[in-house]
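# An overview of the molecular structure
Below, each chain spelled out in residue letters.
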Amino acid sequence: MANLLATKPMNLLMEESRETGGHSLKRTLGVFQLTALGVGAIIGAGIFVMVGLGAHYAGPGLTLSFVLSGLGCAFAGLCYAEFAAMIPLAGSAYTYAYATLGELLAWIIGWDLTLEYAMGASTVSSGWSNHFIELLRIFHVQMPLWLAYDHWTALKTAENVIARQMAQISDSSLVPGSQAFLDKVSAIISTQSPELLQRAHDLLGAPHLFGMEIGFNLPAFIIALVITAILVVGIQESAGFNTGIVVIKVSVVLFVIALGARYVHTSNWGMDWSSFAPNGFAGIGAGAAYIFFAYIGFDAISTTAQEAKNPQRDLPIGMIASLGICTVLYIAVAAVLTGMVRWQQINIEAPVARAFLDRGLTTASHIITLGALAGLTSVMLVMLLGQTRVLYAMANDGLLPKKFFAAVHPKFRTPWKNTILVGLLAAIVGSVTPIEDIGRMVNIGTLLAFVIVSISVAVLRHTNPSQPRPFRTPWVPLIPILGVISNGYMMLKLGMWNWIRLVAWLGIGLIVYFTYSVKHSRVQALQSGQGGRTGAD
């Protein structure tokens, strides 16, 4: 009978962290590169994609949604920082849970992290595609809608195009981009008239398969494969590529704040609490839960612990610094966006670029589109990087086939086989699934990871108080408790269907665990005295 709560011995973890040679990952990352990885993952999806979805729940109160999400991340981030400095191994929350809560819970969180990172990369590839389509339009290049989006998004886009045409015909005095024009477009779409639907399907022009229209997001598919190739080549090259992109996109974010502030109408923020938070605090909480996706980058830093030069010092600095920088920028952008556009009219697919375009700021919109492309590219890189390192750690523990998932390329020193697999899966999912659905799945998985890491810090303080801790989470157990409460609250706000998806995903994971992982676990072998059974297959 396997001991499902067996923990991985701390001495074994420390031994693995000191491994060198051709079968280990290369330590090349410094504090600046780690902070840039955090900023690279955080800034992108939240500002350029998910902020539009969050505004439809929170209204102008979106700024408070970012504060709430930021606090939840800060509490969890302090807990992550203690673990990352103490256990400098790939695997992030999976490794931390293995050291404190036992193998079964570690498996659950490792399986959960695949939902966070791989689906996160899929979400971002879909958002990247939206901005790429905008970039093509600058050069008057039109892709067929059915090749530019998944089917459902393509149909909504076609309806929006036809509704704009119908609004212009119905009242030629309406100025495209004005609030009155946008209100008219929204009213036409809401009626779902037969004329609108027929013309939208004609514009879509999608081919049929088995009698059903199909759509395939080709740009999302291609960019995911390109990022995968960069990750296979090497961590130093990937980090250098990311740092260059981070400089570009932070500059664009500052540009958005500075220019957008000139077009803010304070009336769009509301005159009282009911207009500032049209759905009350519940709406702010729901907005926080959905835009929470924006913050998941800092925990991806912890997955690179085995590739950091001085992880005990640099990992905590990189996590906390990147989280602080991005929270300030997020709040400022949310305030500008909700001040420029009435919250009901904020675009979901490309909210920031569309806000400037609808105000006649064409050049600014083009700059934002380029910045968004750069930003989302680096987010994708860090998400896929995090996923491959978690799978690498799980395979080294025997919980996944080691010859495949922990295979290190002899020249590039990267886990190349699992990188190709993860990249291909992310490319396929991102090309056929609506961005809203993937984003919600990612959020609940991330929040669960944050809750477990918060619990793990408090548990290890009790079970192993003498373990050296280069960085200590302050005010334990208060900070971990606040992390559990704030992140647990946001999980509750994500709705029943997201919980059903999470439970179904974890159920599949348990089947894999009990049919394969428990039989090949290194820790189980050590406990049963079968030292040679290392899960090498």
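Residues numbered from 1 in each chain as written. Predicted model: local features only at pLDDT ≥ 70, side-chain atom pairs only at ≥ 80, totals over all residues. Heavy atoms only, no water.

This brings us to the packing of helix α11 (residues 218-233) against helix α20 (residues 416-432). Where α11 contacts α20, the axes come no closer than 8 Å and their chain directions differ by 165°. The angle between α11 and α20 falls in the class roughly antiparallel. Between α11 and α20 lies a crossing of right-handed hand. Residues Ala220, Phe221, Ala224, Leu225, Thr228, Leu231 and Val232 of α11 pack against Trp416, Thr419, Ile420, Gly423, Leu424, Ala427, Ile428, Gly430 and Ser431 of α20. In terms of residue class, the contact of α11 with α20 is built from eleven nonpolar, five polar and no charged. (Axes fitted to C-alpha atoms, helices over the stretch in contact; angles between N-to-C directions. Helix = DSSP H or I, 4+ residues; strand = E, 2+ residues; numbered from the N terminus. Parallel < 35°, antiparallel > 145°, perpendicular 65-115°, else oblique. Left-handed = near helix turned anticlockwise from the far one by under 90°. Contact = heavy atoms within 4.5 Å. Nonpolar A, V, L, I, M, F, W, Y, C, P; charged D, E, K, R; others polar.)

Scanning the model with the defined rule gives 13 aromatic pairs in all. Here tryptophan 107 and tyrosine 513 contribute two aromatic rings whose centre-to-centre distance is 5.9 Å and whose plane-to-plane angle is 40°, an arrangement assigned as tilted. Of the two residues, tryptophan 107 sits in helix α6 (residues 103-138) while tyrosine 513 sits in helix α23 (residues 496-520), which places them 406 residues apart along the sequence. One aromatic cluster in this structure is built from Trp107, Trp111, Trp505, Tyr513 and Phe514. (Phe/Tyr/Trp six-rings, centres within 6.5 Å; stacked < 30°, edge-to-face > 60°.)

The next thing to look at is a nonpolar patch on the surface. Judged by side-chain polarity, Leu64, Val67, Leu71, Trp273 and Phe281 come together as a nonpolar surface patch covering roughly 460 Å² of accessible area. Position of phenylalanine 281 among the secondary structure elements: in helix α14 (residues 280-291). A relative accessible area of 47% places phenylalanine 281 in the partly exposed class. (Patch = residues over 30% accessible without salt bridge, like charges linked within 9 Å, V, L, I, M, F, W, Y side chains within 5 Å. Areas by Shrake-Rupley, 256 points an atom, 1.4 Å probe, with all protein chains shown as cover. Salt bridge = Lys/Arg side-chain N within 4 Å of Asp/Glu carboxyl O. Buried < 20%, exposed > 50% of the residue type's maximum accessible area, 1.4 Å probe, protein only.)

So, on to the confidence of the model for the protein chain. Across the protein chain, pLDDT averages 85, with 94% of residues at or above 70. Per-element confidence in the protein chain is highest for helix α19 (residues 402-405), whose mean pLDDT is 94, and lowest for helix α15 (residues 297-301), whose mean pLDDT is 75. Predicted confidence for residues 532-537 stays below pLDDT 50, and this span has 18 contacts to residues more than four positions away or in other chains. (pLDDT = per-residue confidence, 0-100.)

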